[in-house]
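Summary of the model geometry
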Protein chains: 2
Amino acid sequence: MEKIIYQKSVEQWCVLEVSCKGPDTGNPYQEHWLKGSFCGEHEEVEANGFYDGDGWYRVRFMPSFSGEYCFRLAADFMEECGGRFMVTPACGENHGPVRVANRYHFAYEDGTPYYSVGTTCYVWELQDDRRIQDTLDSLQEAGFNKIRFCIFPKHYDYNLGEPRSYPYEGTPMDSRVLTKDNFNQYTGKKEGNHWDFFRFHPQHFRHIEKCILELQKLGIEADLIMMHPYDRWGFSDMGEEADDFYWKYAVARLAAFRNVWWSLANEYDLMKAKTEYDWERYARILCTADPYHHLRSIHNCFPFYDYNRPWITHCSIQRQDVYRTAENVNEWRIRFQKPVVLDEIAYEGNIQHGWGNISAREMVRRFWEAACRGGYAGHGETYMDPEDILWWSHGGKLHGESWKRLSFLKEILTETPGIGLKPCERSSFDEVCAVPESPVHAGTYYLYYYSFMRPSFRDFYFDDETEYEAAVIDTWNMEKKPAGRHHGKFRIALPGREYMAVQIKRVEEAGHE
Amino acid sequence: MEKIIYQKSVEQWCVLEVSCKGPDTGNPYQEHWLKGSFCGEHEEVEANGFYDGDGWYRVRFMPSFSGEYCFRLAADFMEECGGRFMVTPACGENHGPVRVANRYHFAYEDGTPYYSVGTTCYVWELQDDRRIQDTLDSLQEAGFNKIRFCIFPKHYDYNLGEPRSYPYEGTPMDSRVLTKDNFNQYTGKKEGNHWDFFRFHPQHFRHIEKCILELQKLGIEADLIMMHPYDRWGFSDMGEEADDFYWKYAVARLAAFRNVWWSLANEYDLMKAKTEYDWERYARILCTADPYHHLRSIHNCFPFYDYNRPWITHCSIQRQDVYRTAENVNEWRIRFQKPVVLDEIAYEGNIQHGWGNISAREMVRRFWEAACRGGYAGHGETYMDPEDILWWSHGGKLHGESWKRLSFLKEILTETPGIGLKPCERSSFDEVCAVPESPVHAGTYYLYYYSFMRPSFRDFYFDDETEYEAAVIDTWNMEKKPAGRHHGKFRIALPGREYMAVQIKRVEEAGHE
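Calculation criteria
- Residues numbered from 1 in each chain as written.
- Chains lettered and ligands numbered in written order.
- Predicted model: local features only at pLDDT ≥ 70, side-chain atom pairs only at ≥ 80, totals over all residues.
- Heavy atoms only, no water.
- Core = buried A, V, L, I, M, F, W, Y, C linked by side-chain atoms within 4.5 Å.
- Buried < 20%, exposed > 50% of the residue type's maximum accessible area, 1.4 Å probe, protein only.
- Contact = heavy atoms within 4.5 Å.
- Pairing = 2+ DSSP bridges.
- Helix = DSSP H or I, 4+ residues; strand = E, 2+ residues; numbered from the N terminus.
- Least-squares fit on C-alpha atoms with pLDDT ≥ 70 in both.
- Phe/Tyr/Trp six-rings, centres within 6.5 Å; stacked < 30°, edge-to-face > 60°.
- Axes fitted to C-alpha atoms, helices over the stretch in contact; angles between N-to-C directions.
- Parallel < 35°, antiparallel > 145°, perpendicular 65-115°, else oblique.
- Left-handed = near helix turned anticlockwise from the far one by under 90°.
- Nonpolar A, V, L, I, M, F, W, Y, C, P; charged D, E, K, R; others polar.
- Expected span 1.5 Å × (residues − 1).
- Salt bridge = Lys/Arg side-chain N within 4 Å of Asp/Glu carboxyl O.

**Section: the nonpolar core**
In this structure, A:Tyr246, A:Trp368, B:Tyr246 and B:Trp368 are the most contacted members of the largest nonpolar core, which totals 284 residues. With residues up to four places along the chain from it excluded, the contact list for A:Tyr246 reads A:Ile151, A:Phe152, A:Tyr168, A:Phe200, A:Phe205, A:Met226, A:Met227 and A:Met238.

Shown next as structure tokens:
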């Protein structure tokens, strides 16, 4: 029997990795295979292994239950073998992977509601160590619980630098020819690049995995953008065989990390080399190869991908209108019957592009609009920087004002009875009213949001008997002030400022408390 | 021959009034008629007269040309008679009535462009003299050139007082029963009112006419709301015969004032007693009886009236969406092929209603959005007041911040070559670019507006040769700063703040100057 290395004990929803040595001649990525079969009392999982360089082959497994497990390992280069390990129950902040819950919302696998307050830093993990640490510190301080980022490096306005590593063996084009004015001519060009699309650079992936684990420690979901069009290296147009090879390899490496979400692409419709046939093929690979069924979506520039496709777990939307953005959540919920995540509703900043220069107030307003309509918005920052270090792409430090207000929103959302909010149908034209998604909590909770409107008061009436406790929320100044107990017709005074909300909770009778 | 009284000389586009004594017994409004026929070198006009009380009958005429005129007077109670008068050319700020010009815009009859910057004070003219003077002073200071107001008194939230006069003989219901909470129960009720809908109260109309003339002196168009649903007196539901009688009387009195516009109704769709048959009948009366063809429209609450009707000269729109408001001007221009006037896009204020509590910044933003899309927005103020004196209904003093910025916009609009702006088709998704409506001025002028976006710079390119002069406009702080002469590709620095615009004018060669 070959020598295999693995942990004897692993925590539920963490990574059990089985490694062994194997052939390192020829092209091990293509010429050999390894797979694992993991079996506990409540599950049996098949997982593909991968070649990790230097003669090492590995297979990873994420146990969904605690208890005793055994596994079998099979490969083309060795005899079948196996072992046993213990899975200890999840502890601390480990709640498992995030799943769709209550149709339009999310919860961790242990049932804890997950209110997505995400940000975007496209290639934060491909920056130097110091910037990566800055990003992690910033993420923690801000309280974001999701971040979108790319596996492939990024070539774009304000993004002309080289990444810290490449996913493939080979050499890139000479980027010294690039300037702020001519860079766009190189977008999508393959000339000057020399890559072997069938030999990965494992260090690139190992580094990303380390970053995913760092995020995991902070309770942050890694929304992985698997493909994107901002490319001067040819990674966006490798051909069908190499694409599929990439998908299988990436999924084999990454699926066992509980905080992974799959985003097939950013602005899929700008990837001119790809057709619906390609996207559906990738989805098929992903659905087959990911034994844990992590969340799956795909992000648009102009037209939406068809979010009604069964493999898509939630919408990952870039707003389609400059003016009406998060306000469309109601419509999209009805249309797609899935969680509506607005991963791009323009970024707070001051660059020349309209998608990257809204104010902090407008950003926070879009978050609240989305939340009170039963959806989830996403953050990003694009402030001009003397060294072109923009949060949206590089991470680093946050310079804006919206991020400070988003964990306050998240706190308010955690007060929702059950899992998730939905738009209240009987709300007035000049308010957004959210109520619990779960019918069992009907009538217990109302969250009214007034957006850019500035009422000096609002009148309420639910019924004559029930007692309600009200609070006035200043969503910008992050203040929540009690506004008394009421029943029948009652009036709540407001300061006549923008961005106010009123929270109304039914007072539970003593017997229920 | 009866004794007739009239001026021997009148200025072009002013009112020539011919008066005579007649029967004052019975019901002179119904039982007698008077009409005039006015004839100059370039026009012949028939005008209906009206009974003005105390045995006086009058007919009014607005000459559109200067020179010698004669007239004939006919009535059922006297022999036909006539006279002669001189019309002197318009002078000073008298440019004649406002007409549709360049399909989507307005100009005075002498060809001077008219850029509508209007406001709404529904019953300012039915307040006491001191408040009326305050209103006129405020209008003048603000530089508004249009005001919407009603002939009938108004019963509504914050509007429970009695008007200074009523249009009919009779007595109103006892308004002492009204409170802020119960007033709505009286809306549309006729009980307790005792009016003779066939006997007008001429003093009510004489007073309104005086106010129209005061506006005229200030260069302000009187956009008369002829009917409306905010009523506790029964004026909104008088029946067909009384309605038609009212229309004929009002048009006979008011049509000769050059600054009159006709608005058939405010929120026509809330007048449940009226059908399309009624509105079209009123329009027919108006088109027949108004010899000067003043501008005609009708204002909605929810659905638009069909602005494609030939009698409608321009759209008078209340925004249909809370979020996307002035941004729809492009679409409405295409749909209706008429000037798009957004008479109600929410008011600056802090009352409880969403239509009356937007910020000054948002109001000014909507004006600029409308203007740069080739339309016209309207102002109003609804700030809470200890005595319930809200500008939107009562006039008085302005308390807000948007009005100060609107005459600055008007000044910028007067720099447009030719008459009016249209949206530029080749503008980017993240800007609104206006160009001259007139094809003859194509390529000479560009007005870019960035709304709530905050670019730190924008790049421009028109062609390699032409020289352009640029200016950066801060629409909120009302500053216009030169930004140099440029040709080819050029960059304009911006402050990364909201509400900025860039104006670009082609530098004319010396030979053309």
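**Some remarks on the sheet that holds strand β9 (residues 98-101) of chain B**
Backbone-to-backbone hydrogen bonds pair the strands of a sheet. The strands run either parallel or antiparallel. Residue and element names in this part refer to chain B. Read across the sheet, three strands follow the order β9-β10-β11 without closing on themselves; strand pairing throughout is antiparallel. In this open sheet, the two edge strands, each paired with only one partner strand, are β9 and β11 (113-114). Pairing of strand β10 (residues 105-108) with β11 involves two bridges; the strand directions are antiparallel. Opposite Phe106, over in β11, you have Tyr114 as the bridge partner.

**Observations concerning the relation of the copies chain B and chain A**
Each copy superposes on the other: chain B lies on chain A with an RMSD of 0.0 Å after a rotation of 180° and an axial shift of 0.0 Å. As the rotation angle and translation indicate, the two copies are arranged about a two-fold axis. Minimal C-alpha distance to the rotation axis in chain B is attained by B:Arg324, lying at 3.0 Å. In this assembly, 100% of the residues forming the interface of chain B have copies in chain A that are likewise at the interface, indicating an isologous arrangement.

**Considerations on the packing of aromatic side chains**
A full pass over the atoms with the stated rule returns 126 aromatic pairs over all chains. For the ring pair A:Tyr307 and A:Phe336, a centre distance of 5.2 Å and an interplane angle of 90° mean the geometry is edge-to-face. With A:Tyr307 in the loop between β18 (296-297) and β19 (315-318) and A:Phe336 in helix α6 (residues 329-336), this pair connects stretches of sequence that are 29 residues apart. The residues A:Tyr307 and A:Phe336 share a single accessibility class, namely buried. Ring centres 5.9 Å apart and planes at 50° place the aromatic pair B:Phe106 and B:Tyr376 in the tilted group. Of this pair, B:Phe106 sits in strand β10 while B:Tyr376 is found in strand β22 (residues 376-379), placing the two residues 270 residues apart along the sequence.

**Concerning the environment of B:Cys39**
Residue and element names in this part refer to chain B. Its place among the elements puts Cys39 in strand β4 (residues 34-39). The partly exposed category is assigned to Cys39, whose relative accessible area is 28%. When the C-alpha atoms of Cys39 and Arg84 are compared, they prove to be 9.3 Å apart, with 45 residues separating the residues in sequence. Discounting residues that sit within four places of it in the chain, Cys39 has contacts with Glu44, Glu68, Tyr69 and Cys70.

**Quick look at the packing of helix α4 (residues 240-254) of chain A against helix α5 (residues 276-289) of chain A**
Residues and elements named next belong to chain A. Relative orientation of the contacting elements α4 and α5 amounts to 30°, with a least axis distance of 10 Å. By the angle between their directions, the pair α4 and α5 is classed as roughly parallel. Both α4 and α5 take part in a crossing whose hand is right-handed. Of α5, the residues touching α4 (which contributes Glu240, Asp243, Asp244, Trp247, Lys248 and Val251) are Tyr277, Arg281, Tyr282, Ile285, Leu286 and Ala289. Of the residues assigned to the contact of α4 with α5, the class counts are seven nonpolar, no polar and five charged.

**Considerations on α4(A)**
For the α-helix, the turn length of 3.6 residues means that residues three or four positions removed from each other point alike. Over its 15 residues, α4(A) runs 21 Å from end to end, which matches the ideal 21 Å to within 8%, given 1.5 Å per residue. α4(A) sits mainly inside the fold: twelve of its 15 residues count as buried.

**Here we look at the pattern of salt bridges**
Residues and elements named next belong to chain A. The tally for this structure, following the rule as stated, stands at 86 salt bridges over all chains. Between Lys190 and Asp237 there is a salt bridge, with the nearest N and O atoms lying 3.2 Å from each other. You can see Lys190 sitting in the loop between β14 (168-171) and β15 (194-200) and its partner Asp237 sitting in the loop between β16 (221-225) and α4, a full 47 residues away along the chain. Judged by its relative accessible area of 29%, Asp237 falls in the partly exposed class. Linking Lys505 and Glu415 is a salt bridge whose minimum nitrogen-to-oxygen distance equals 2.9 Å. Of the two residues, Lys505 is situated in strand β31 (residues 500-506) and Glu415 in the loop between α9 (403-414) and β24 (421-423); the sequence distance between them amounts to 90 residues. We classify Lys505 as partly exposed; its relative accessible area is 28%.

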